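So the chains spell out like this:
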Amino acid sequence: MKKVLLALLCIIGLAFAACTPRNNVENLDVNKLDNTVEKCWEITTTVGGYSESYHDWGTEYEIGLALKTAQEIMGNLAKYSYKPSNAADEESCYALDGDEYEYDY
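Notes on the structure follow.

The rules behind these values
Residues numbered from 1 in each chain as written. Predicted model: local features only at pLDDT ≥ 70, side-chain atom pairs only at ≥ 80, totals over all residues. Heavy atoms only, no water. Helix = DSSP H or I, 4+ residues; strand = E, 2+ residues; numbered from the N terminus. Buried < 20%, exposed > 50% of the residue type's maximum accessible area, 1.4 Å probe, protein only. Contact = heavy atoms within 4.5 Å. Areas by Shrake-Rupley, 256 points an atom, 1.4 Å probe, with all protein chains shown as cover. Pairing = 2+ DSSP bridges. Axes fitted to C-alpha atoms, helices over the stretch in contact; angles between N-to-C directions. Salt bridge = Lys/Arg side-chain N within 4 Å of Asp/Glu carboxyl O. Phe/Tyr/Trp six-rings, centres within 6.5 Å; stacked < 30°, edge-to-face > 60°.

Secondary structure assignment for the chain yields three helices and four strands. Listing every helix and strand of the chain by position from the N terminus yields α-β-β-β-α-β-α. With 105 residues in all, the chain has 29% of them scored as buried. Relative to all contacts within the chain whose residues are 6 or more apart in sequence, the contacts with residues 24 or more apart total 60%. Put simply, the chain shows about 7,600 Å² of open surface, and 58% of that area lies on carbon and sulfur atoms.

The strand order across the open sheet built from four strands is β1-β4-β2-β3, with neighbouring strands paired in antiparallel fashion. The open sheet is flanked by β1 (23-24) and β3 (50-59), the only strands paired with a single partner. Both β1 and strand β4 (residues 78-84) contribute to a ladder of two bridges, which runs antiparallel. Paired with Asn24 across the bridge in β4 is Ser81. The sheet contacts of helix α2 (residues 60-74) involve β1, β2 (38-47), β3 and β4, and relative to β4 the element is tilted by about 170°.

Another point: the pattern of salt bridges. In total, this model carries two salt bridges according to the counting rule given. For Lys79, the salt bridge identified is with Glu26, shortest N-O distance 3.5 Å. Placement of Lys79 in strand β4 and of Glu26 in the loop between β1 and β2 is noted, with a sequence separation of 53 residues between them. The exposure class assigned to Glu26 is partly exposed, which follows from its relative accessible area of 37%. Taking the shortest distance from any N to any O, the salt bridge between Lys83 and Glu42 comes out at 3.9 Å. With Lys83 in strand β4 and Glu42 in strand β2, this pair connects stretches of sequence that are 41 residues apart. Residue classification places Glu42 among the buried positions, given a relative accessible area of 17%.

Both the distance between ring centres and the angle between the ring planes are used here to describe each pair of aromatic rings. Evaluation of the coordinates by the stated rule reveals one aromatic pair. Between the aromatic rings of Trp41 and Tyr82, the centroid separation amounts to 5.4 Å while the plane-to-plane angle is 75°, which identifies the pairing as edge-to-face. Taken together, the positions of Trp41 in strand β2 and Tyr82 in strand β4 put the pair 41 residues apart, joining distant regions of the chain. Taking the relative accessible area as the measure of exposure, Trp41 reaches 2% and is therefore buried. When its relative accessible area of 0% is taken as the criterion, Tyr82 is described as buried.

This is the structure:
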């Protein structure tokens, strides 16, 4: 019973996620993006029909520039999009993915 309920919840979640507008970076003009207000962003990467989402903290310009660069490198192999998330601060943003801290590379 739990598996059926979980599957149903996943389907409902996907239906709502498909209706949520996302910023597709393919034709994005990063010069028009805000570079002052930092917030949490949900980033979605799609490769070969498989999508994965994660969260990152920064300005829309920073997020847009990083994803635009990745899109240019990957070409048609991958698609990137992003949307604002509701986390109030950097720590809670990364906690959405189960991360206890930001990874510094």
